[in-house]
Amino acid sequence: MAIQQQIQQAAIESLEKLYSKSFSAKDFQINKTKPEFEGDYTIVLFSLLKPLSKSPDALGNELGKFLTENYSQLFTSYNIIKGFLNLTIADNYWTSVLITNYNNSCFGKGEANHKKVMVEYSSPNTNKPLHLGHLRNNFLGWSIAEIIKANGYDIVKSCIVNDRGIHICKSMIAWQMFANGATPKSTNTKGDHFVGDYYVKFNNEYKKQVDELVAGGMKKDDAEKEAPIMKATQQMLLDWEAGKPEVMQLWKEMNSWVYEGFDETYNRIGSNFDKIYYESNTYLLGKKTVQEGLEKNVFVQKEDGSVWIDLTADGLDEKIVQRKDGTSVYITQDIGLAQQKYEEYKIDQSIYVIGDEQNYHMKVLQLICKKLELPYADGIYHLSYGMVELPTGKMKSREGTVVDADDLLDEMENVARQKTEELGKVKDFTAEELKELYKTLSLGALKFYLLRVDPKKKMVFNPEESIDFHGYTGPFIQYTHARIKSILRKEKAQGSEFAVQSALLQLEKELLIELENYPSVIEQAGNEHDPSHLANYIYSIAKTFNSFYTEHSVMNAETEEKKQLRLLICELTANVIASGMQLLGIAVPERM
RNA sequence: GGUCCGGUAGCUCAGCUGGAUAGAGCAUCAGCCUUCUAAGCUGAGGGUCAUUGGUUCGAAUCCAAUCCGGAUCACCA
């Protein structure tokens, strides 16, 4: 059990025995003691004063005395400052945590609870390559899945590919018009970029045609509808839905190019999925549910045949769920897909990693599922994340300010190479090892940069900052890990036979206190669906370790006992760093 | 306009289920490599926690109002 809970329990028991009153964990707070005071953890007494009719000093002394006398294996001393009861925890507690966990690879992870959670993330369109925003999504989705797994859940990583619709037809039309049969192979272009180029070509041509029509005297609104290329695209969508063979063939071929490109990028960034859904297979789902909803009077059908749900009583609007022509809209397929996920996997929770521009949509989706009394409705959770912006403002594809994922990864790798060469610490590495290191460092920098901030907040991507390898960054933590490993290559900790006699030094203890907290951090990150807690925590560990490292020598420790103790601390620190970074999807090198 | 989210150091962010003198990184300045990797460490300066009011022993944190920024409110997805 975590120390904080042990203190809480001890305090509750003590208060019960001292005053015959029962309290619960909510009735008082336990904090880490501020560094300027003596002690490790602090019980805040204020909230207890009134129910017990005690002065801070009286209560603090009685409780402090009782705790140190009756829980002497846990508390060695106490002091009271104003209403704060500062407790010093026995060194023995920290070292026993160290000795039992220093080589426990499961340290911090919860026990299996046999509940199943699906995390849907990434969910790309097949008309253009991945960009910076997708990276935030992918890193978040992958990480939160790992964190939830570490909390004992079974995880299914899924992805819904938006592989059909008018946007896809745009690329297809443009390819027919301009490509002359060119392919990614014939032009030596990555497939998703190849198709994306035709999407751009579509928009250029479309704009040109609209301008021409407007110049010929047509109103802009009409011109946008009448442009021949747009009409052709709409016709193609109809042909697609009708299953016209040559359209289907082109669609399949162009999508296959995109998937080839996506796979390369996913592979590079380490995204993977247990189950991939395709919109072309799911877009018709949900109609049966609409029918059932009509029977239950959750939905109403208007005279023209369209089907609606009235959510005004819940503070939302009226929402259409089926068009008058009987076709399904976006939200209908989502209900259908939600159902399919549930039936296929019997999931207890379904997490959607989707940008905050869809907050309203997701709220509506869950509400509809609830009104339909679908069993999975309460398990829907929208992990909403903010947009990634540039220092110059929002990314806009029309203005060409979108940061392409592949370009960015290349750029980061270059910087990693440059910095590594400047320092010249790994000159004996093979070309293979160097390549691997550059990849580890560049991805570490980028992932950490995108994961270290609260997901729900929009964030600014500053290119210069993101490739920084100093301070609050991934490479800083990776470096700390490499430093520790360098020591451990020289000598391994001997292990569990070891008993600590001499008192822990300040920095030794600080590190141990932080390390002991690892399980709680994983739990919190999972409960709040927020990897940034973990990122913050690992950074703090690395920082504390570096202070410790500078201050105290491991190999040349004052005594053999201290050396063994510090080797154990090194082991546990390295394990926690590696384990925590793994949960963020970041690898740590042995040397750098 | 309705709903939702955000506003903390020059910049990027922690802290937000109320607790002690509001913390990091970057940037600026000053130190530290004969000793386990200096991608490091130590120190300094830098704040009206958007504003105003309320709740109370105590508010960056909770409540209300206001100001500013963003998202969203399609028979698009």
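In this convention, every chain numbers its residues from 1, walking through the sequence in written order. Chain A is the first chain written and ligand 1 is the first ligand written, with later ones labelled in order. Restriction of local features to residues with pLDDT of at least 70 applies here, the model being predicted, together with a cutoff of 80 or more for giving and counting side-chain atom pairs; totals for whole chains, interfaces and linings are based on all residues. Side-chain descriptors were evaluated using all non-hydrogen atoms of the structure, hydrogens and water having been removed beforehand.

1. Here we look at the overall build of chain A
- The helix and strand labels rest on DSSP assignments: H or I over at least four residues marks a helix, E over at least two residues marks a strand, and numbering proceeds from the N terminus. Across its full length, chain A carries 23 helices and 14 strands.
- Once the C-alpha set of chain A is aligned to its principal axes, its extents read approximately 90 × 65 × 40 Å.
- Looking at chain A residue by residue over its 592 residues, the buried ones come to 53%.
- Of all intrachain contacts in chain A linking residues separated by at least 6 positions in sequence, the fraction that spans at least 24 positions is 74%.
- When the accessible surface of chain A is totalled, it reaches about 28400 Å², and 48% of it is carbon and sulfur.
- In this count, Lys and Arg are taken as positive residues and Asp and Glu as negative ones, while His and the chain termini are left out. For this purpose, a charge sits on NZ of Lys, CZ of Arg, CG of Asp or CD of Glu. Computed over 68 positive and 83 negative side-chain charges, the separation of the two mean positions in chain A equals 1 Å. Relative accessible area decides the class of each residue, using a 1.4 Å probe on protein chains only: under 20% of the type maximum gives buried, over 50% gives exposed, and in between gives partly exposed. We call two residues contacting when some pair of their heavy atoms lies within 4.5 Å. Surface accessibility in these figures is a Shrake-Rupley result with a 1.4 Å probe; residues are shielded only by whichever protein chains are displayed.

2. What to know about the pairing of strand β5 (residues 116-120)
- Most of β5 sits inside the fold, with four of its five residues counted as buried.
- Strands are treated as partners if at least two bridges between them are detected by DSSP. Where β5 meets strand β6 (residues 154-161), five bridges bridge the pair, whose relative direction is parallel. Counterpart to valine 117 in the pairing with β6 is isoleucine 155.
- For a crossover, the right-handed case is the one in which the path from the first strand over the helix to the second runs clockwise, viewed with the strands pointing away from the viewer. Each parallel crossover has a hand, and the one from β5 via helix α5 (residues 132-150) to β6 is right-handed.
- Where β5 meets strand β11 (residues 349-355), four bridges bridge the pair, whose relative direction is parallel. Residue pairing for β11: methionine 118 is matched across the bridge by serine 350.

3. Quick notes on the pattern of salt bridges
- Throughout this description, the term salt bridge denotes a Lys or Arg side-chain nitrogen within 4 Å of a carboxyl oxygen of Asp or Glu. Enumeration over the complete set of coordinates arrives at 30 salt bridges.
- Lysine 157 is the salt-bridge partner of glutamate 146, the closest N and O atoms lying 2.9 Å from each other. Here glutamate 146 is found in helix α5, whereas its partner lysine 157 is found in strand β6, with 11 residues between them in sequence.
- A salt bridge links arginine 566 to glutamate 508; the nearest nitrogen and oxygen atoms lie 2.9 Å apart. Of this pair, arginine 566 sits in helix α23 (residues 560-583) while glutamate 508 sits in helix α20 (residues 506-516), placing them 58 residues apart in sequence. Each member of the pair, arginine 566 as well as glutamate 508, is classed as buried.

4. A word on the sheet that holds strand β4 (residues 84-89)
- Within the open sheet, the four strands sit side by side as β1-β2-β4-β3. Their pairing is antiparallel. Of all strands in the sheet, those bounded by a partner on one side alone are β1 (29-32) and β3 (75-81). Within the sheet, the average angular offset between the axes of one strand and its neighbour, ignoring direction, is 25 degrees.
- Pairing between β1 and strand β2 (residues 41-44): four bridges, direction antiparallel. In the sheet register, isoleucine 30 faces β2, and the bridge partner there is isoleucine 43.
- Along the sheet, helix α1 (residues 3-19) contacts β1, β2, β3 and β4; its crossing angle with β2, the most-contacted strand, is approximately 40 degrees. Between N-to-C directions, angles span 0 to 180 degrees; the directions come from axes that are lines fitted to C-alpha atoms, helices contributing only their stretch in contact.

5. Structural notes on the packing of helix α19 (residues 474-490) against helix α22 (residues 532-551)
- Look at α19 against α22: their axes get within 9 Å of each other, and the N-to-C directions meet at 45 degrees. As summarised for this structure, α19 and α22 are arranged oblique, according to the angle between their axes. Of the two elements, α19 crosses α22, and the hand of that crossing is left-handed. For the pair α19 and α22, contact is made by Phe476, Ile477, Thr480, Arg483, Ile484 and Ile487 and by Ile538, Tyr539, Ala542, Lys543, Phe545, Asn546 and Tyr549, respectively. In this scheme, roughly parallel covers angles under 35 degrees and roughly antiparallel covers those over 145, while 65 to 115 is roughly perpendicular and the rest are oblique. Each crossing gets its handedness from the near helix: less than a right angle anticlockwise from the far helix is left-handed, clockwise is right-handed.

6. Digging into the sheet that holds strand β9 (residues 307-310)
- Read across the open sheet, the three strands follow the order β8-β9-β10; overall the sheet is antiparallel. The open sheet is flanked by β8 (300-301) and β10 (318-322), the only strands paired with a single partner.
- As judged from the four bridges shared by β9 and β10, these two strands associate in the antiparallel manner. By the bridge assignment for β10, isoleucine 309 is matched with lysine 319.
- Each of β8, β9 and β10 touches helix α13 (residues 287-295); the most contacted strand, β10, lies at about 125 degrees to it.

7. Section: the side chain of serine 143
- Locating serine 143 in the fold gives a position in helix α5.
- The class for serine 143 is buried, based on a relative accessible area of 0%.
- In this view, serine 143 contacts Leu451, Pro531, Leu583 and Leu584; residues no more than four positions away in its chain are not counted.

8. Some remarks on the nonpolar core
- Of all hydrophobic cores here, the largest spans 153 residues; its most connected members are Ile43 and Leu132.
- Ranked by residues supplied to this core, first place goes to α23 with 11 residues.
- Setting aside residues up to four positions removed in sequence, leucine 132 forms contacts with Val388, Leu390, Met395, Val403, Leu408, Leu450 and Phe461.
- By convention a nonpolar core is built from buried Ala, Val, Leu, Ile, Met, Phe, Trp, Tyr and Cys residues, the set being connected through side-chain atoms within 4.5 Å. Counting 26 residues, the second-largest nonpolar core is a separate cluster that includes Phe299, Leu316, Ala338 and Cys369.

9. Some details on the protein's contact with RNA strand B
- The immediate surroundings of RNA strand B are formed by 66 residues, with Asp304, Lys394, Lys425, Ser486 and Tyr549 found nearest.
- Proximity is defined per residue: any heavy atom of the residue falling within 4 Å of a molecule or strand makes that residue near it. Each atom of RNA strand B within 4 Å of the protein was assigned to sugar, phosphate or base; sugar and phosphate come to 63%.
- Here a polar contact means two N or O atoms within 3.5 Å. Within protein one must be a hydrogen donor candidate and the other an acceptor candidate, and residues neighboring in sequence count only if both atoms are side-chain atoms. A distance of 3.0 Å is found between a phosphate oxygen of RNA strand B and a backbone nitrogen or oxygen belonging to valine 460.
- A distance of 2.6 Å is found between a phosphate oxygen of RNA strand B and a side-chain nitrogen or oxygen belonging to histidine 470.
- Looking at the surface near RNA strand B, the elements that each hand over two or more residues are β2, α2 (46-52), β4, α15 (359-371), α16 (405-423), β14 (459-460), α19 and α22.
- The element contributing the most residues to the surface near RNA strand B is α22, with eight residues.
- When residues are grouped by polarity, Ala, Val, Leu, Ile, Met, Phe, Trp, Tyr, Cys and Pro land in nonpolar, Asp, Glu, Lys and Arg in charged, and all others, Gly among them, in polar. Of the residues assigned to the surface near RNA strand B, the class counts are 25 nonpolar, 17 polar and 24 charged.

10. Here's the deal with α5
- With 19 residues, α5 extends 27 Å between its outermost C-alpha atoms, agreeing within 8% with the 27 Å of an ideal straight helix rising 1.5 Å per residue.
- Phi turns positive, to about 100 degrees, at glycine 152, one or two residues after α5. The span you would expect from a helix comes to 1.5 Å times its residue count less one.

11. Some points on the environment of glycine 64
- Relative to the helices and strands, glycine 64 is located in helix α3 (residues 56-70).
- Sequence separation between glycine 64 and isoleucine 12 is 52 residues, and the spatial gap between their C-alpha atoms is 13 Å.

12. Some thoughts on the domain arrangement of chain A
- The assigned domain composition of chain A is domain 1 (3-89), domain 2 (165-271) and domain 3 (413-583).
- The domain limits used here are those given by an automatic or database domain assignment. Each of domain 2 and domain 3 has a C-alpha centre, and these two points are 46 Å apart.

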